[in-house]
Amino acid sequence: MTNTNPLKNTRIEFHILQSFPVTCLNRDDVGAPKTAIVGGVPRARVSSQAWKRPVRLAMQDYGAKLGVRTKHIAELIAKSCLNLGANEEQANACGESIASHISKDTLLFFTETEANAFASYAAEKEFDASKLKDKETHKVGKKALNLAVDGIDIALFGRMVAQAAELNVEAACSFAHAISTHKVANEVEFFTAVDDDPMGIREDSGSAHMGSLEFNSATYYRYVSLDLGQLYQSLNGQNMAGAIESFVKALYLAVPTARQTTMAGLSAWDYAKVLVRKGQSLQASFDNPVKAKGEGYLAPSIEALNADLAKKEQMAGSLFGKQAEIELGNVEKPKNIDDLIAQLQTFLPADAE
Amino acid sequence: MSDPYLLLWFEAPLQSWGADSKFGRRDTLKFPTKSGVLGLVCSALGAGGEQSELLVRFAPLDMQVISYRKTNAKQQRQDKQPLLRDFQTVGNGYDDQDPWQTLLIPKTAEGKKAVGGGSKLTYRYYLQDAVFAVALQVPADLADDLAQALQNPNWDIYLGRKNCIPTELVFQGVFNDLSALKIKAAEIAVSKKLLEDFQVLQGEQEGDEHLTLNDVPIQFGQHKKYRDRQVTLFYSQEDYEGG
């Protein structure tokens, strides 16, 4: 990587509006939907961590591959050696030898790419463990460690390894708590469950169980930002296009899993304003709660979001640093998620794809 | 020339300014801490790691905070909102057969599997609807660089926790004199229809409440070190009368 980071202090900001019918996407410790008070009125809330996790897990479905951190690197390398045609004895010896060069019974963050790279190195030496030198091993290892190939989620969401600070990775994305644009009061669903009475014992018919659970329905404002400079640094400028694609797709579809079996509240974005910006990150406040006025919350929320962002841009002047603005969910100028991804990818330097 | 002040504006639906939290309960004070503010400054500078040399220059300097209360449509001050307690479980639902996912499950101090799976309950506290003006005194030779960095931060800046993204530009000017800074802060407050709630001044003075905070950072990074600081709170007259 060169010393200059062409994407330093450039971020993609996703300002997303997403409406949900009856749901309980994120529960507190008594099982009620989480709330917050914003602008003096109660709002529905989904915490940042509750939405990050499904996004991270969904990224695997869109081509992002995870790394592993393990003590069993000898076995992993041996397996790769077997794949390259070593016999079992050679594979185990090479695995043991290489593992001893790079780790002393400690956990190592490890990827399949590395295992394969070490196995190829062993193959060059005809799987003769005695010919494997530790300095050469280190060179191979350094060359092979690459979050861009199979650790994209780590580059995006970061990780902290308390015991080994050099293994820490700073997260490239940040999520705000998703908060409803309007006033929301949780509702209580009272329910009964009926005994099927398979033995025909009961004379009376009626419920055998009563319970209650809380839910609400809301149009959420979600703010997510992706720091391209940090991502470039963590990925050594490689596979940026792939990272953006899997991240945006997961961000579009992934929804917290709480109570999905009883309420099945799955909705994708209704509207998104995506900005590519330099300068300080800024989310919309929705401090003034949106009113439905008989026409639902989405339309007035879109209006309020655009008014807020336009005002911020006007007041921040040159500090706003806008490079691009992309709208998803505009009925007159329809665009789909693939258009959005393609347009975002045009901001990457030519060598970063 | 004495060291100038930066006016910083902190406004977001949620903020969190922890001072002495440990383990699963992450508290917040009712106003920004010096460690939190300097953490934000380091983030803007892109200054990672221990930063002892930088921090030691800030340690003796002043920091003052003005807390504001939002008003309702009738220009009356809104009620003070209670702290938000965000409940989170960590480490549940992972597949312990998957080598990567296993690592995400909390372990015992000896690194063994915990009884009953090991998921942890944690509580994070947030301020709701809070707005602050912060007067941060900075070494004179750094003022320009800091102003630049805060307007074009190297790393994202946020209000105490990474998910507390500001809804207003944080940097609002450099002032050689504190009274000019306070005039500017008051102007912003008027334009946003905010009412002063309380002020936090450094040092022990004749005031309404005294606190000792362990929030002056001497070293960040892996092994953080803090020094104590006395602050005095002054409640605005209106609040005083109202109790």
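Residues numbered from 1 in each chain as written. Chains lettered and ligands numbered in written order. Predicted model: local features only at pLDDT ≥ 70, side-chain atom pairs only at ≥ 80, totals over all residues. Heavy atoms only, no water.

Chain B is annotated in an unreviewed UniProt entry as Type I-E CRISPR-associated protein Cas5/CasD of Thiosulfatimonas sediminis.

Going by an unreviewed UniProt entry, chain A carries the name Type I-E CRISPR-associated protein Cas7/Cse4/CasC and comes from Thiosulfatimonas sediminis.

Enquirer: Where do I start with the overall build of chain A in this structure?
Expert: Each helix and strand in chain A was counted, giving 12 helices and 11 strands. Counting every position in chain A, which comprises 353 residues, the buried fraction comes to 52%. Put simply, of all contacts in chain A between residues at least 6 apart along the chain, 76% involve residues at least 24 apart. (Helix = DSSP H or I, 4+ residues; strand = E, 2+ residues; numbered from the N terminus. Buried < 20%, exposed > 50% of the residue type's maximum accessible area, 1.4 Å probe, protein only. Contact = heavy atoms within 4.5 Å.)

Enquirer: Explain the overall build of chain B to me, please; I cannot follow it from the model alone.
Expert: Scanning chain B from terminus to terminus reveals six helices and 11 strands. By its C-alpha atoms, chain B is 60 × 45 × 35 Å across when sized along the principal axes. Within chain B, buried positions represent 50% of all 243 residues. As presented, chain B carries roughly 11,600 Å² of accessible surface, and 49% of it is formed by carbon and sulfur atoms. A gap of 6 Å separates the mean positions of the 27 positive and 32 negative side-chain charges of chain B. (Areas by Shrake-Rupley, 256 points an atom, 1.4 Å probe, with all protein chains shown as cover. Lys, Arg positive; Asp, Glu negative; His and termini not counted. Charge placed at Lys NZ, Arg CZ, Asp CG, Glu CD.)

Enquirer: When you look at the pattern of salt bridges in this model, what are you seeing that I'm missing?
Expert: Proximity of charged atoms lets side chains of opposite charge pair with each other. Residues and elements named next belong to chain B. Tallied over the entire structure, the rule returns 22 salt bridges over all chains. Close ionic contact of Lys192 with Glu11 constitutes a salt bridge, the shortest N to O distance being 3.2 Å. Note that Lys192 is positioned in the loop between α5 (178-191) and β9 (194-202) and Glu11 in strand β1 (residues 5-11), a separation of 181 residues in sequence. Judged by relative accessible area, Lys192 falls into the partly exposed class, the value being 26%. Its salt-bridge partner being Asp141, residue Arg57 comes within 2.7 Å of it at the nearest N-O pair. Highlighted residues: Arg57 in helix α2 (residues 52-58) and Asp141 in the loop between β7 (131-137) and α4 (143-151), separated in sequence by 84 residues. Asp141 sits in the exposed class, given a relative accessible area of 52%. (Salt bridge = Lys/Arg side-chain N within 4 Å of Asp/Glu carboxyl O.)

Enquirer: What is the right way to look at the pairing of strand β8 (residues 171-175) of chain B in this model?
Expert: On a regular strand, one side chain projects to one face of the sheet and the next to the other, so that they alternate. Residue and element names in this part refer to chain B. Counting buried positions over the five residues of β8 gives four, a clear majority of the element. Both β1 and β8 contribute to a ladder of three bridges, which runs antiparallel. Counterpart to Leu6 in the pairing with β8 is Val174. (Pairing = 2+ DSSP bridges.)

Enquirer: Would you mind going over the interface of chain B and chain A with me for this structure?
Expert: Interface size is often expressed as the accessible area that is lost when the parts come together. Across the contact, 41 residues belong to chain B and 54 residues belong to chain A. Buried area between chain B and chain A, summed over both chains or domains, comes out near 3,800 Å², and the portion from carbon and sulfur atoms is 50%. Viewed at the interface, chain A and chain B are joined by five salt bridges. In this structure, B:Asp86 and A:Lys34 form a salt bridge, with 2.8 Å as the shortest nitrogen-oxygen distance. Our count for the chain B to chain A interface comes out at 24 residue pairs in polar contact (both at pLDDT 80 or more). When contributions to the side of chain B that touches chain A are tallied by element, the ones reaching two or more residues are β5 (84-90), α3 (99-102), β6 (120-128) and α4 of chain B. No other element matches the five residues that β5(B) contributes to the side of chain B that touches chain A. For the side of chain B that touches chain A, the residue count by class is 21 nonpolar, 12 polar and eight charged. (Buried area = accessible area lost by both parts, 1.4 Å probe. Polar contact = N/O pair within 3.5 Å; in protein donor to acceptor, adjacent residues only side chain to side chain. Nonpolar A, V, L, I, M, F, W, Y, C, P; charged D, E, K, R; others polar.)

Enquirer: Just to check I follow, could you spell out the side chain of A:Lys34 for this structure?
Expert: Along the chain, A:Lys34 falls in the loop between β1 (11-23) and β2 (35-38). Engagement of the side chain of A:Lys34 in a polar contact is seen with the side chain of B:Asp86, the distance being 2.8 Å. Among the polar contacts made by the side chain of A:Lys34, one reaches the main-chain carbonyl oxygen of B:Phe87 at a distance of 2.5 Å. Beyond its immediate sequence surroundings of up to four residues, A:Lys34 is in contact with A:Asn26, A:Arg27, A:Asp28, A:Arg43, A:Ala44, A:Arg45, A:Ser47, A:Gln49, B:Asp86 and B:Phe87.

Enquirer: Please explain the packing of helix α1 (residues 48-59) of chain A against helix α9 (residues 240-253) of chain A as it appears in this structure.
Expert: Helix packing for two helices is described by the angle between their axes and how far apart those axes are. All names here are of chain A. Closest axis-to-axis distance for the α1/α9 pair is 8 Å, and the angle between their directions is 130 degrees. Relative to α9, α1 is oriented oblique. By crossing handedness, the relation of α1 to α9 is classed as right-handed. Residues Val55, Ala58 and Met59 of α1 form the contact with α9, whose participating residues are Ser246, Phe247, Ala250 and Leu251. (Axes fitted to C-alpha atoms, helices over the stretch in contact; angles between N-to-C directions. Parallel < 35°, antiparallel > 145°, perpendicular 65-115°, else oblique. Left-handed = near helix turned anticlockwise from the far one by under 90°.)

Enquirer: Help me understand the nonpolar core in this model?
Expert: Generally speaking, a soluble globular protein has its nonpolar side chains buried in company with each other. Formed by 57 residues in total, the largest nonpolar core has its most connected members in A:Phe14, A:Leu226, A:Phe247, A:Trp269 and A:Leu344. Beyond its immediate sequence surroundings of up to four residues, A:Phe247 is in contact with A:Phe14, A:Val55, A:Met59, A:Leu156, A:Phe157, A:Cys173, A:Phe175, A:Val224 and A:Leu226. Core analysis: the second largest hydrophobic core is formed by 47 residues, B:Leu6, B:Leu14, B:Ala44 and B:Leu84 among them. (Core = buried A, V, L, I, M, F, W, Y, C linked by side-chain atoms within 4.5 Å.)

Enquirer: Explanation requested: the packing of helix α1 (residues 34-45) of chain B against α4(B) in the structure shown.
Expert: Residues and elements named next belong to chain B. Contact geometry for α1 and α4: axes closest at 8 Å, N-to-C directions at 80 degrees. As far as their axial angle goes, α4 and α1 are roughly perpendicular. Across the interface between the two elements, Leu40, Val41, Ala44 and Leu45 from α1 touch Asp145, Leu146, Ala149 and Leu150 from α4. Residues that form the contact of α1 with α4 fall into these classes: seven nonpolar, no polar and one charged.

Enquirer: Help me understand the packing of aromatic side chains, please; the structure alone is not making it clear to me.
Expert: Inspection of every chain in the model, using the stated rule, returns 15 aromatic pairs over all chains. Both rings, one in A:Phe175 and one in A:Phe247, keep their centres 6.5 Å apart while their planes meet at 80 degrees; by these two values the pair is edge-to-face. Placement of the pair is A:Phe175 in strand β6 (residues 173-175) and A:Phe247 in helix α9, with a sequence separation of 72 residues. Judged by centre distance (6.4 Å) and plane angle (75 degrees), the ring pair of B:Phe31 and B:Phe198 falls under edge-to-face. Taken together, the residues B:Phe31 in the loop between β3 (25-26) and α1 and B:Phe198 in strand β9 connect sequence positions 167 residues apart. By relative accessible area, which is 1% here, B:Phe198 ends up buried. Three or more aromatic residues link up through ring pairs in this structure, and these residues are A:Phe14, A:Phe157, A:Phe175, A:Phe247, A:Tyr252 and A:Trp269. Over the face of the ring belonging to A:Phe320 we find A:Arg277, whose NZ or CZ atom lies 4.2 Å from the ring centre. The ring of B:Phe198 carries the charged tip of B:Lys30 above its face, separated from the ring centre by 5.4 Å. (Phe/Tyr/Trp six-rings, centres within 6.5 Å; stacked < 30°, edge-to-face > 60°. Lys NZ or Arg CZ within 6 Å of the ring centre and 35° of its normal.)

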